[in-house]
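Structural characterization, general
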Amino acid sequence: MSSPEFSAGEAPAEKVTEVTGTGIPVRGNDIDTDQIIPARFMKVVTFDGLGQFSFFDQRFDDDDNEKDHPFNEEQYRGANVLVVNANFGCGSSREHAPQALMRWGIDAVVGESFAEIFAGNCLALGVPTVTADQESIEALQDYVEANPDAEIDIDVAAETITYDDTVIDATVHDAQRKALVEGVWDTTALMGANAGAVRETARSLPYVPEEDVPGDGA
Amino acid sequence: MSEGTLYDKVWDRHKVTELPTGQDQLFVGLHLVHEVTSPQAFGMLKERDQEVAFPERTHATVDHIVPTGNRDRPYRDEAAEEMMAELEENVRGSGIDFSDPDSGDQGIVHVIGPEQGLTQPGMTIVCGDSHTSTHGAFGALAFGIGTSQIRDVLATGCVAMEKQKVRRIEVTGELGEGVTAKDVILTIIGKLGTDGGVGYVYEYAGEAIEKLGMEGRMSICNMSIEGGARAGYVNPDETTYEWLEGTDAFENDPEKFERLKPYWESIRTDDDAEYDDVVTIDGSAIEPTVTWGTTPGQTAGITEPIPDPEDLPEEDRDTARRAQKHMRVEPGDTMEGYEIDVAFLGSCTNARLKDLREAAAFVEGREVDDDVRAMVVPGSQRVRDAAEAEGLDEVFKDAGFDWREPGCSMCLGMNDDQLQGDEASASSSNRNFVGRQGSKDGRTVLMSPIMVAAAAVTGEVTDVREMEEVATV
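Quick caveat, the model's predicted, so the values are computed rather than measured. (Residues numbered from 1 in each chain as written. Chains lettered and ligands numbered in written order. Predicted model: local features only at pLDDT ≥ 70, side-chain atom pairs only at ≥ 80, totals over all residues. Heavy atoms only, no water.)

**Quick notes on the side chain of B:Thr156**
Under the convention used in this document: Every helix listed is a DSSP run of H or I at least four residues long, and every strand listed is a run of E at least two residues long, numbered separately from the N terminus. Throughout, exposure labels follow a simple rule: accessible area from a 1.4 Å probe, protein chains only, divided by the maximum for the residue type, with under 20% read as buried, over 50% as exposed, and the rest as partly exposed. Polar contact is the term for a pair of N or O atoms within 3.5 Å; when the atoms are in protein, one must be able to donate a hydrogen and the other to accept it, and sequence-neighboring residues count only if both atoms are side-chain atoms. Any two residues whose heavy atoms approach within 4.5 Å are treated as being in contact.
Structurally, the position occupied by B:Thr156 is in helix 5 (residues 147–156). With a relative accessible area of 7%, B:Thr156 lands in the buried category. A polar side-chain atom of B:Thr156 sits 2.7 Å from the main-chain carbonyl oxygen of B:Asp152. In contact with B:Thr156, not counting residues within four places along its chain, are A:Thr188, A:Met191, A:Gly192, A:Val198, B:Ala53 and B:Phe54.

Structural data, given as structure tokens:
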């Protein structure tokens, strides 16, 4: 095993303290990962090029004609703040979903609530998932629809979303906030620094035979 | 916070340290790998010039894209062939055991882990698949992870997690005739919602759960994620140990079984454990249950009316309206009599030997409706072989079912097994999302294996209890 590339005290990832840009609203509760990226687009061995397939079946009919969907609308090209409703990203664990959104251009997702695995996958990409109450989110969606060019500012550390004259009191989950603000969301580097303690924990478990634990010299 | 539950104990035993983020670093006892979510993780590992830290604690199979018909290599589907070849290269280069189709051990990752005895109580188990919660049936702490986390586990043998709350779901009483584990979990999700479990791990308990065999417990834990709970578990007991004794891990090593049993006993939830929440459900009141909508929480007992969206909580109305339009159902009707075009018996929820046995017993002597295409996709090659040894394949084939090779198949339509156009399916799988079974206009009704068998025969959603009465007259 190669040595960890990160030593204690050093931040292993870029700090994400703030996201600023224009918004794109996608309305509806329980938007699942099969809608965000249909499974047939996952027959790939890299994440490259997934962005174009975001919400594909919501955006195109059987003859590939465009349907009404914010991701098709010219006014939202270049938007980087996705504004959604409740339980967004439910369903499968596919990281292809946030990967597709990120590669489309999304840098942050704001919503009423998120499915856990989806939020975790976003964090692994340095994409904040910020929550606020239903009323505030719906007002933001209305605002973005009326003002697609207007700037939205997400302050991850202060847990606020600012647009126009409005400041939404938002929530960024504790661990996520710390990870993003301090630049410690690259968990491979973070955990790789504790290899000795990992071996110790492994050896303490009755079901792990000694030969399964890599040697200390490795 | 919970105290003294299996979750607390397994967590503590696997905790390496607390990370600067406030998350805990947990050692992973078993990492299961399949072809769809792992290639990018292996790619990231290579980019960082790192190797797999614990290859012996890692096991791979191929299930999502593998054809269930002609399996000659190279696969006809070039993308499937590429993914399979990539997986082969990745696991062989890392010294990871691979239950490939030539081994006779291939199958859906959540079927092969338990059947080979890889899955054991008191383990932490992860896989890049949300239905990893299945393994909680053995008293393991098992959950799905994303690809970047797969990279974490490959590189460090660990995952970064925050501890969650524990909700005990106690299912009391005895399940009625024709009511299965699948009906129990569909009922639970219907009651608690698709996001009711967010932030929680579910502990399933109570008389109705304890009386279930391992297959039923797996069906329940499997769908924890459909209720928003990333993990669900059942405390290990004699039923669990009996299953384990018959697996590869222990059948020739009783000494190992005896050595590990005290550990398994030690991680059971204490009698005086504290939970963050407790929910009680009357198991005796559960009917055969099906979905009427496009989320696994939109369920109704077979004799219950489909709800009027106006009567639902405000936040559920819009989703319900869209779902009813997609499914073409009306409030006030029941799902009984809903016409189907396809019957799918398979998936990590319900494609184990017991599921096939129960469905076959119902199908025997009956015929699939002329307008229905029906298929059985066994969960693994071992399930297939065992079923064939009992002649179940002949029962299904005689009735008009297609008997196929193991894989995820029409649960998510990543191979040729897909709904066409607006076909409606009676499906023993776990998700009825729009587009899930391969066609964006397809309509999925989730139900138990015996309800799928009944629907295949009648061509419509059918109360299996009435069918059985007819059969026994």
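Back to the text.
**Details of the interface of chain A and chain B**
The criterion, for reference: By buried area we mean how much accessible surface two parts lose on assembly, using a 1.4 Å probe and totalling the loss over both. Any Lys or Arg side-chain nitrogen located within 4 Å of an Asp or Glu carboxyl oxygen qualifies as a salt bridge. Classes in brief: Ala, Val, Leu, Ile, Met, Phe, Trp, Tyr, Cys and Pro nonpolar; Asp, Glu, Lys and Arg charged; the others, Gly included, polar.
Opposite the 62 residues of chain A that make contact, chain B presents 80 residues. Between chain A and chain B, roughly 5,800 Å² of surface is buried when both sides are summed, and carbon and sulfur atoms account for 55% of that area. Of the charged contacts, one joins A:Asp34 and B:Arg436 as a salt bridge, the two residues approaching to 3.1 Å between their closest N and O atoms. Put simply, chain A and chain B have 27 residue pairs in polar contact (both at pLDDT 80 or more) between them. Those elements that place two or more of their residues in the side of chain A that touches chain B are helix 4 (116–124), helix 6 (174–182), helix 7 (187–192) and helix 8 (195–204) of chain A. Counting residues per element, the side of chain A that touches chain B draws most heavily on helix 7 of chain A, which supplies six residues. Of the residues contributing to the side of chain A that touches chain B, the split by class is 28 nonpolar, 18 polar and 16 charged.

**Re the UniProt feature "binding site: [4Fe-4S] cluster" (unreviewed entry) in chain B**
All names here are of chain B. Cut-off, in case you're wondering: UniProt positions are given in the numbering used here, feature names are shortened, and annotations may be inferred rather than shown by experiment.
The positions UniProt marks with the feature "binding site: [4Fe-4S] cluster" (unreviewed entry) are Cys-348, Cys-408 and Cys-411. Spanning 64 residues, the named residues nonetheless gather at one spot, since no C-alpha pair among them exceeds 8.7 Å. Its location among the elements puts Cys-408 in the loop between strand 17 (401–403) and strand 18 (424–427). Residue Cys-408 is classed as buried on the basis of its relative accessible area, which comes to 9%.

**Things to note about the domain arrangement of chain B**
Residue and element names in this part refer to chain B. Filter applied, for reference: Domain borders in the structure are assigned automatically or taken from a domain database.
With domains assigned, chain B is organised as domain 1 (1–286) and domain 2 (289–466). Summarising the inter-unit geometry, the C-alpha centres of domain 1 and domain 2 are found 24 Å apart. Contacts between the two partners involve 45 residues from domain 1 and, on the opposite side, 42 residues from domain 2. Where domain 1 abuts domain 2, roughly 3,500 Å² becomes buried across the two surfaces, and 53% of that area is made up of carbon and sulfur atoms. The tally of links from domain 1 across to domain 2 stands at five salt bridges. Across the salt bridge formed by Arg-71 and Glu-405, the nearest N and O atoms sit 3.8 Å from each other. Counting the contacts that link domain 1 with domain 2 gives 31 residue pairs in polar contact (both at pLDDT 80 or more). Listing elements by their share of the side of domain 1 that touches domain 2, those giving two or more residues are helix 4 (109–116), helix 6 (181–192) and helix 8 (214–222). A total of six residues in the side of domain 1 that touches domain 2 trace back to one element, the largest contributor, which is helix 6. Here the residues of the side of domain 1 that touches domain 2 sort into 14 nonpolar, 19 polar and twelve charged.

**Notes on helix 12 (residues 353–363) of chain B**
An α-helix turns once every 3.6 residues. As a result, residues three or four positions apart point the same way. All of the buried residues in helix 12 of chain B are B:Leu353, B:Asp355, B:Leu356, B:Ala359, B:Ala360, B:Phe362 and B:Val363. In the stretch just after helix 12 of chain B, B:Gly365 is the one whose phi turns positive, near 85 degrees.

**Some points on the nonpolar core**
Put simply, the rule is: Buried Ala, Val, Leu, Ile, Met, Phe, Trp, Tyr and Cys residues that are joined via side-chain atoms within 4.5 Å together make up what is termed a nonpolar core.
Core analysis: the biggest nonpolar cluster contains 213 residues, and A:Leu82, A:Phe88, B:Tyr204 and B:Phe396 have the highest contact counts within it. Residue-level mapping places this core at the junction of two domains, with at least three residues from each of domain 1 (1–286) and domain 2 (289–466) of chain B. Apart from residues lying up to four places away in sequence, A:Phe88 is in contact with A:Ile31, A:Ile36, A:Phe55, A:Leu82, A:Leu101, A:Ser113, A:Phe114, A:Ala115 and A:Phe118. Listed in part, the seven residues of the second largest apolar core include B:Val342, B:Phe344, B:Met375 and B:Val377.

**Details of the packing of helix 12 of chain B against helix 15 (residues 449–458) of chain B**
Residues and elements named next belong to chain B. Basically, it comes down to this: Simply put, an axis is a line fit to the C-alpha atoms, just over the touching stretch for a helix, and the angle between two N-to-C directions goes from 0 to 180 degrees. The scheme is simple: roughly parallel for angles under 35 degrees, roughly antiparallel for over 145, roughly perpendicular for 65 to 115, oblique for anything else. For any pair of crossing helices, the crossing counts as left-handed if the nearer helix is rotated counterclockwise from the farther one by less than a right angle, and right-handed if it is rotated clockwise.
Here helix 12 crosses helix 15 at 30 degrees, and the two axes come no closer than 8 Å. Looking at the two axes, helix 12 sits roughly parallel to helix 15. Two packed elements cross with a definite hand, and for helix 12 against helix 15 that hand is right-handed. Residues Asp-355, Glu-358, Ala-359, Phe-362 and Val-363 of helix 12 touch helix 15, and the partners they reach there are Pro-449, Ile-450, Ala-453 and Ala-454.

**Re the packing of aromatic side chains**
How we decide: Paired rings are identified among Phe, Tyr and Trp, the last through its six-membered ring, by centres lying within 6.5 Å, and are further divided according to the angle between planes into stacked (under 30 degrees), edge-to-face (over 60) and tilted (the rest). Note on criteria: charge over ring means Lys NZ or Arg CZ within 6 Å of the ring centre, with the direction from the centre no more than 35 degrees off the ring normal.
The tally for this structure, following the rule as stated, stands at 21 aromatic pairs over all chains. Taking the centre distance of 5.3 Å and the plane angle of 85 degrees together, the rings of A:Phe88 and A:Phe118 count as edge-to-face. Residue A:Phe88 is located in the loop between strand 3 (81–83) and helix 3 (96–104), and its partner A:Phe118 is located in helix 4; the two are separated by 30 residues in the primary sequence. Taken as a pair, A:Phe88 and A:Phe118 share a single burial class, namely buried. With a centroid separation of 6.0 Å and 20 degrees between ring planes, the pair formed by B:Phe396 and B:Trp403 is classed as stacked. Take B:Phe396: its relative accessible area is 0%, and that puts it in the buried class. Judged by its relative accessible area of 13%, B:Trp403 falls in the buried class. Taking the ring centre of B:Tyr200 as reference, the NZ or CZ of B:Arg167 above it sits at 4.0 Å. Over the ring of B:Phe250 we find B:Lys256, and its NZ or CZ is 5.2 Å from the ring centre.

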